[in-house]
Amino acid sequence: QVQLVESGGGLVQPGGSLRLSCAASGSIGSISVMGWYRQAPGKERELVATFGSGGVANYADSVKGRFTISRDNTKTTAYLQMNRLKPEDTAVYYCNWRTWGLVTYWGQGIQVTVSS
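Every value quoted in this text rests on a predicted model; they were computed, and no experiment measured them.

Caption draft 1: Inspection of the state of the cysteines at higher detail. Per the counting criterion, the structure on display carries 1 disulfide. What pairs with C22 in a disulfide is C95, and their sulfur atoms sit 1.9 Å apart. Handedness here is read from the sign of the S-S torsion; for C22 and C95, about -85 degrees, the answer is left-handed. Of this pair, C22 sits in strand β3 (residues 18–24) while C95 sits in strand β9 (residues 91–99), placing them 73 residues apart in sequence. As far as burial versus exposure is concerned, C22 and C95 are alike and both buried.

Caption draft 2: Representation of the sheet that holds strand β1 (residues 4–7) in the model. One open sheet accounts for 4 strands, arranged β1-β3-β8-β7; its pairing is antiparallel. Since the sheet does not close on itself, it has two edges, and those belong to β1 and β7 (67–71), each with one partner. Each neighbouring strand pair of the sheet contributes to a mean axis angle of 15 degrees, computed without reference to strand direction. The pairing of β7 with strand β8 (residues 77–82) spans 5 bridges and is antiparallel.

Caption draft 3: Here's a closer look at the pairing of β3. In this sheet, β3 lies alongside β1 in antiparallel orientation, the contact comprising 4 bridges. Across the sheet, residue S7 finds its bridge partner in β3, namely S21. Of the pairings in the sheet, the one linking β3 to β8 comprises 6 bridges and is antiparallel in character. In the strand pairing of β8, S21 is matched with Y79.

Caption draft 4: Quick peek at the packing of aromatic side chains. Counted under the stated rule, the structure contains 1 aromatic pair. If you follow R45 out to its NZ or CZ, it ends over the ring of Y94, 3.6 Å from the centre. In this structure, R45 is placed above the aromatic ring of W106, and the distance from its NZ or CZ to the ring centre is 4.9 Å.

Calculation criteria
- Residues numbered from 1 in each chain as written.
- Predicted model: local features only at pLDDT ≥ 70, side-chain atom pairs only at ≥ 80, totals over all residues.
- Heavy atoms only, no water.
- Disulfide = S-S within 2.5 Å.
- Helix = DSSP H or I, 4+ residues; strand = E, 2+ residues; numbered from the N terminus.
- Buried < 20%, exposed > 50% of the residue type's maximum accessible area, 1.4 Å probe, protein only.
- Pairing = 2+ DSSP bridges.
- Axes fitted to C-alpha atoms, helices over the stretch in contact; angles between N-to-C directions.
- Phe/Tyr/Trp six-rings, centres within 6.5 Å; stacked < 30°, edge-to-face > 60°.
- Lys NZ or Arg CZ within 6 Å of the ring centre and 35° of its normal.

Written out as structure tokens, the structure is:
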């Protein structure tokens, strides 16, 4: 099956940075929106950031000014640059892509832990 694969997670101290990457294991067609979600322990999955085809980025209030969503020039890889990380950013982060045909693909999730 076609799958989105995340990488770049791990353990980081408060105030540190990580960059998550997301790439498809196969062809999934033309992508209209790339996004990142996260799910913290005991909480529902929430939207972190999206990047639309028009180049408009949107962020959750909790990460504005600290996180940046982007994609490479080939539009085959999505990134989430996370700076000034806080313990409350600890979660499993999921890549999410939507095609112009309104098909949605999810990554398997990658752990980000912010702790001393």
